[in-house]
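Geometric and topological summary
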Amino acid sequence: MPAIDPIVHELARIVGADFVLYRREDLAAYECDGYTVHKHPPRAVVFPSCTEEVAAVVKYLHDQNIPFIPRGAGTGLSGGAVPLGGEVIISLVKMKRLLHVDYENRLAVVEPGFVNLKLTNSVAGKGYYYAPDPSSQYACTIGGNVGENAGGAHCLKYGVTTNHVLGLEVVLANGEIAEIGGVPDAPGYDLMGLLTGSEGTLGIVTRITVRILKNPEGKKTVLAYFDSVEEASQAVSDIVAAGIMPAALEMMDKTAIEGVEAGTYPVGHPKGVEAVLLIEVDGIAAGIDDQIAKIVSVCQGRKVSEVKVAATEEERARWWANRKTAFPAMGSISPDYLVQDGVIPRSRLPEVLEKIRQISERSGLRIANVFHAGDGNLHPLILFDARIPGETELAVRVGSEVLKVCADAGGSITGEHGVGIEKKEEMRYVFTDDELEAQLQIRDVFNPRNLLNPDKMFPKPGRCAEMRAAPVEIS
């Protein structure tokens, strides 16, 4: 092995020479995650195969004062796995085993590289499933889901990743191995809640105990088309106000519909329709039809142009494939796009969507809205062309202004994609300097040298405090 970098030899000694990448051409694939605006090469990429190897790698890097980043499948959308300063990437994709399933106690134990959808597929034969279902579930890993506290279309009823994590094995920043939570959970501080969503800044998860659920008796899905985004938004609030808690309540606007119909899974959405709602209810079979009838009635009271119930499981699956591939489908109508992840109170949907429309008009960039309407988690997709000088920077500024609108409406800058590098300066939209300092103090308890995923989540010190109050103007 060429003596290109002395650390490569030691990493190779720990995990084997075949499981360390260091050549420029090999590192290119690790310059970014799903957030492609920033690209920086890592110093090396190492592939441990077990907890002990992760701990040995971390201890070596810690002792050498070399920063490092844990990485899953690289599907993250906020730049959380981007090596800004030549860090070593610790890829967990080799740790991909389903270690144990306990159907009696409804839990499963997996390694961090185990793919989300694979867990549901593994337990489906016994009538169980894993509830968190991000759109990238066919590729994203459960370890990455823990890092970002991922959600998905069905989090309205079933919650996000943190609601399904029962225990964690974690390698801390100095290489020590810790057990957090478990069954039963010990009393004391909620360290699992702290680690879930910490974006790899507090530790590296190497084993995860998760809750699995019994399949519901019944499940039905409704598709409703509206000639007005406002009427569709009002229908969302009306459905919940009617006492119905759907498993999922999704919305796409006209531009998003154009994208999914040009994508891999078109379903024949009518041209020119302004908004579509995809609504799913599940539970005890005896009550499903009554809930569906109420949903249809609510939609009809909001000037729905057409409402229909999936007649077969195949039709229902096609509707969901159409929705879940919405992000990549935007590539069919735009060379590039930037995904945002703001959260707002559900009652403010019409107002916020109108403001996003105005931002789009003022900036000259199209914005496609496809999102979890039931819990107010918006995903505006800002369409742009990186080949045009200045458009990438404009798209980033547009995204920042969208997040300011969400924060001003009483919401947050992220619901499930994380902060990473994309939204770390926008943290000031929702937190005071004192609140940010308190979070940094907690991070320093776990990661005192800031070696573990450095320069993520938190804004740089010294930025003017007025940023929290002043929107980013789009000219």
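For clarity, every value in this text was computed on a predicted model and none was experimentally measured. (Residues numbered from 1 in each chain as written. Predicted model: local features only at pLDDT ≥ 70, side-chain atom pairs only at ≥ 80, totals over all residues. Heavy atoms only, no water.)

**Points about the pattern of salt bridges**
Within this structure, the stated rule accounts for 27 salt bridges. Notably, a salt bridge pairs E313 with R316, separated by 2.8 Å at the nearest N-O pair. Placement of both E313 and R316 in helix α11 (residues 313-324) is noted, with a separation of three residues, approximately one turn of the helix. Residues D444 and R443 are paired through a salt bridge, measuring 3.4 Å at the closest nitrogen-oxygen approach. For D444, a relative accessible area of 33% gives the class partly exposed. Here R443 falls in the buried class, since its relative accessible area comes to 12%. Shared partners join several salt bridges into a network, and the residues in it are E169, E179 and R207. (Salt bridge = Lys/Arg side-chain N within 4 Å of Asp/Glu carboxyl O. Helix = DSSP H or I, 4+ residues; strand = E, 2+ residues; numbered from the N terminus. Buried < 20%, exposed > 50% of the residue type's maximum accessible area, 1.4 Å probe, protein only.)

**Here's the deal with the environment of I177**
Turning to its location among the elements, I177 is positioned in strand β9 (residues 177-181). Residue I177 is classed as partly exposed on the basis of its relative accessible area, which comes to 43%. Residues I177 and V343, 166 residues apart in the sequence, show an inter-C-alpha distance of 35 Å. Not counting residues within four places of it along the chain, the set of residues in contact with I177 comprises T51, A55, E169, V170 and V171. (Contact = heavy atoms within 4.5 Å.)

**Structural notes on the sheet that holds strand β8 (residues 165-171)**
Reading across the sheet, the five strands line up as β5-β6-β10-β8-β9 and stay open at both edges, with antiparallel pairing between neighbours. Only two strands of the sheet have a single partner each, and these edge strands are β5 (98-102) and β9. On average, each strand axis in the sheet is tilted by 15° relative to the strand beside it, whichever way the strands run. As judged from the six bridges shared by β8 and strand β10 (residues 204-211), these two strands associate in the antiparallel manner. When the sheet's bridge partners are listed, V171 is paired in β10 with I204. (Pairing = 2+ DSSP bridges. Axes fitted to C-alpha atoms, helices over the stretch in contact; angles between N-to-C directions.)

**Notes on unusual backbone geometry**
In terms of backbone geometry, most residues other than glycine have negative phi values and most peptide bonds are trans. Although it is not a glycine, K303 adopts a positive phi angle of roughly 60°. Mapped onto the fold, K303 is located in the loop between α10 (285-300) and β15 (304-309). Residue K303 is classed as exposed on the basis of its relative accessible area of 62%. A positive phi angle is found at N450, which is not glycine, with a value near 55°.

**A word on the sheet that holds β15**
Sheet strands associate in pairs through backbone hydrogen bonding, adopting either a parallel or an antiparallel arrangement. Strand order across the open sheet formed by seven strands is β15-β12-β14-β13-β17-β18-β16, with antiparallel pairing between neighbours. Lying at the two open borders of the sheet, with one neighbouring strand each, are β15 and β16 (336-339). Adjacent strand axes in the sheet meet at a mean angle of 15°, parallel and antiparallel pairs treated alike. When strand β17 (residues 367-372) meets strand β18 (residues 380-384), the two strands line up antiparallel, connected through three bridges. Bridge assignment links A368 to a residue of β18, and that residue is L381. Taken strand by strand, helix α9 (residues 254-262) contacts β13 (248-253), β14 (275-283), β17 and β18, and its axis lies near 95° from that of β13. Sheet strands touched by helix α13 (residues 349-363): β13, β17 and β18. Its angle to β17, the strand with the most contacts, is close to 155°.

Limitation: the analysis is restricted to geometry and does not speak to function.
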